[in-house]
Amino acid sequence: MHIAVLAKVVPDYEVPASDFELTDGRAHSRYKRMIGLYDENAIETAVQLKEKNGATLTIISYGSTNDIAVLRKAIAMGGDALYLVMGDSDDPYVIAANLKMAIEKLGDVDLVLAGQQSADMDRGLVHGLLAGMLDTPFISQVSHINADSDQWTVSQIHEDGTRELSFTGKAVLSITSIPENVPRIPVVRAIFAAKKKPVEKIEGIAAEPMTVEQKSVEIPTVESVCEFLPLDDIAETSKILLSKLREERYL
Amino acid sequence: MKTLIIEVVDAKRIGELVTVARIFGDTPDILALGADQIPGTFGKAYFTDDTVPANLIDGAAKLIQQEGYELVLLSATTVGTEIAGPLSVRLGAPVLTEVIEASADKTVTRPIYGGKAVATFSLSQTPAILTIRRKYFEPATAEGTTTAEALAAETAPVTLVSEKATEVKGIPLEDAEVIISGGRGLGAEENFTMIREIADLLKAGVGASRGAVDEGWADPSMQIGQTGNIVAPSVYFAVGISGASQHLAGIANAKCVVAVNKDEDANIFKRARFGIVEDYKKVIPTLIQALKEE
């Protein structure tokens, strides 16, 4: 079994809105870089699948060589190798085409996992495009995966409940976060071992970008209007709050 | 723009997409998942028995090409996400997800960086695909019912083994005028009891931050935020929630936010209308008492 996990290195997604700055329509380069929020859940899910069934786990990323240091964490969590496709496009079609090329180059990938959406462009799109390009099924918001010979059974969490779905052959799955796939913190030994694991850099390919024109990127102005309620007598504070909510017809 | 809506049979979700279609100047047709009786009046309506998005891509792509649809509208939900990407590749159509604003001049806006910035795009090529974030467009009222014709089945690579609807305790978040959410600051699962008690008194829905869900204190169906439920209540109580931008993206349309957090620097206060900088364990019991006394 060969599992590939797509991981994207993104600017620190915990930077609060008040400190957020743009340069040329993208997050300022001064922010720390990290693996995307849900991509770490996908890596954890894949590591657990590997531990249960035995598998090779390759981390695939599209980005720059500077990302390698950040992506070592994915290897330390349990990945066997890192496959970095070098490129700087943030067009979803270009990224998906490059990831497809990497997966085909690896040749024997059985299952592709990715976080349900990146933590920069927030599109939740590249994995679906990749599935379309690979002509394999795409299932989103997957929480659990079970392998039984050539059949996969997965649980999906959607807006109205849960589903259990099955398929044979390859597929692309987007992974959601659940308590069971909270990313593990790599131990020191694993961090050192990760430095010795193989990193393959491959040149990205030119691909046709999506035909939409980005007109502008702006930071919305949010006026802070918080009225802090007095704390001298909390029972009184609660009464004041309810009365204000009613006065302003919110309740 | 000749428009096709693809959606599960849910009057509110369909209504929101009809509103967007009207902004672009069209009375849309619809492809509905799972049932042939569709709320609202549509010129052409199709349905599939199969509700697994992966099994619908080929059929939907053929329909769009045959009928010459210029715009495909989906909700930014699990179903919409599963259809948008693969369908885009089949049609060679651009796709923009999580749209929160649309204009007649074919420009659309979507948030990026967890809502810390917004990007505006111009649609120049057809067909184009949009997924629309829930609760940003007032749903059009559904007049009557349309009986849909069955869409020819294509291959079905994915099998639906079983399905379970979430059991909602109390008021569903979708319809709640008041929502009370707990975050990691609650400290333990049992402390949600306090949240449920005040929710009962206020006839409120109970939500949770991603942190509380990750801790296993709340069901994933309760998660509010960019990747959970998008809600638009009249009052949103954030209890022990720090206010990460991904959480705030889920409450952008709440009319009034009340934040209870002992950390005065918590980001949630930047979004709040009323703030109480105090341990929620002191505040919530007094709120419960005040409500009981009324």
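Engineer: Would you take a moment to explain the interface of chain B and chain A for this structure?
Structural biologist: Quite often, the size of an interface is put as the accessible area lost when its parts meet. On the side of chain A, 84 residues touch chain B, which itself brings 84 residues to the contact. In this assembly, chain B packs against chain A so that about 6900 Å² is buried in total across both faces, 57% of it on carbon and sulfur atoms. Broken down residue by residue, the surface that chain B buries against chain A is led by Y113, K116 and F274 of chain B, which jointly contribute 11%. Of the charged contacts in the structure, one is a salt bridge between D135 of chain A and R90 of chain B, with a shortest N-O distance of 3.6 Å. Linking chain B to chain A there are 42 residue pairs in polar contact (both at pLDDT 80 or more). Ranked by residue count, the leading element in the side of chain B that touches chain A is helix α3 (residues 78–91) of chain B, at eight residues. Pairing between strand β15 (residues 227–228) of chain A and strand β18 (residues 274–276) of chain B: two bridges, direction parallel. For E227 of chain A, the partnering residue across the bridge sits in β18 of chain B and is F274 of chain B.

Engineer: Could you clarify how one ought to interpret the pattern of salt bridges in this entry?
Structural biologist: Pairs may arise between side chains of opposite charge once their charged atoms sit close together. Per the counting criterion, the structure on display carries 30 salt bridges over all chains. As a salt-bridge pair, K50 of chain A and D80 of chain A come within 2.8 Å of each other at their nearest N and O atoms. With a gap of 30 residues between them, K50 of chain A in helix α1 (residues 37–53) and D80 of chain A in the loop between α2 (68–77) and β7 (81–86) connect regions that are remote in the sequence. Salt-bridge contacts for E293 of chain B lead to K239 of chain A; the nearest nitrogen and oxygen are separated by 3.9 Å. Of this pair, E293 of chain B sits in helix α8 (residues 280–293) while K239 of chain A sits in helix α6 (residues 234–247), placing the two residues on different chains. Judged by its relative accessible area of 41%, K239 of chain A falls in the partly exposed class.

Engineer: What is the right way to look at helix α3 (residues 92–106) of chain A in this model?
Structural biologist: Residues and elements named next belong to chain A. Taking 1.5 Å of rise per residue, 15 residues should cover 21 Å, and α3 covers 21 Å from first to last C-alpha, within 8% of that figure. Burial of α3 is extensive: eleven of the 15 residues sit out of reach of the surface. When we look at burial in α3, the residues that qualify are P92, Y93, V94, I95, A96, A97, N98, L99, M101, A102 and I103. Sitting at the head of α3, D91 places a side-chain oxygen 2.8 Å from the backbone nitrogen of Y93. Among the residues trailing α3, G107 stands out with phi positive, at a value near 85 degrees.

Engineer: How should the nonpolar core be read in this particular structure?
Structural biologist: Buried together is how nonpolar side chains tend to be arranged in soluble globular proteins. Ranked by size, the top nonpolar core spans 88 residues in total, and within it I6, L73, L87, V108, I129 and L130 of chain B carry the most contacts. Of all the elements, α3 of chain A adds the most residues to this core, at eight residues. Beyond its immediate stretch of four places on either side in the chain, V108 of chain B contacts F24, L96, V99, E101, A102, A119, T120, F121, L123 and L130 of chain B.

Engineer: Could you clarify how one ought to interpret α6 of chain A in this entry?
Structural biologist: Residues separated by three or four positions in an α-helix point in the same direction, a consequence of the helix having 3.6 residues per turn. Relative to the 20 Å expected for 14 residues at 1.5 Å per residue, α6 of chain A spans 20 Å between its end C-alpha atoms, a close match to the ideal helical length. The complete set of buried residues in α6 of chain A reads I234, T237, S238, L241, L242 and L245 of chain A. Down the axis of α6 of chain A, the sector holding all buried residues measures 130 degrees, keeping them to one side. Turning to α6 of chain A, the residues buried within the fold contact β16 (235–239), β17 (256–260), β18 and α8 of chain B. Regarding α6 of chain A, its N-cap is D233 of chain A, as a side-chain oxygen of that residue lies 3.1 Å from the backbone nitrogen of A235 of chain A further along. One or two positions beyond α6 of chain A, positive phi appears at R249 of chain A, with a value near 60 degrees.

Engineer: Sorry if this is basic, but what is going on with unusual backbone geometry here?
Structural biologist: Trans is the common state for peptide bonds, and a negative phi is the common state for residues other than glycine. Cis rather than trans, the peptide bond between T126 of chain B and P127 of chain B has omega equal to -5 degrees. Of note in this structure, D24 of chain A is not a glycine but carries a positive phi near 50 degrees. Looking at the element boundaries, D24 of chain A is found in the loop between β3 (22–23) and β4 (26–27). Even without being glycine, D122 of chain A reaches a positive phi, approximately 55 degrees. With respect to the helices and strands, D122 of chain A occurs in the loop between β8 (111–115) and α4 (126–134).

About the thresholds
Residues numbered from 1 in each chain as written. Chains lettered and ligands numbered in written order. Predicted model: local features only at pLDDT ≥ 70, side-chain atom pairs only at ≥ 80, totals over all residues. Heavy atoms only, no water. Contact = heavy atoms within 4.5 Å. Buried area = accessible area lost by both parts, 1.4 Å probe. Salt bridge = Lys/Arg side-chain N within 4 Å of Asp/Glu carboxyl O. Polar contact = N/O pair within 3.5 Å; in protein donor to acceptor, adjacent residues only side chain to side chain. Helix = DSSP H or I, 4+ residues; strand = E, 2+ residues; numbered from the N terminus. Pairing = 2+ DSSP bridges. Buried < 20%, exposed > 50% of the residue type's maximum accessible area, 1.4 Å probe, protein only. Expected span 1.5 Å × (residues − 1). Core = buried A, V, L, I, M, F, W, Y, C linked by side-chain atoms within 4.5 Å. Arc of directions from axis to C-beta.

Take it as geometry only, folks, not as evidence of what the structure does.
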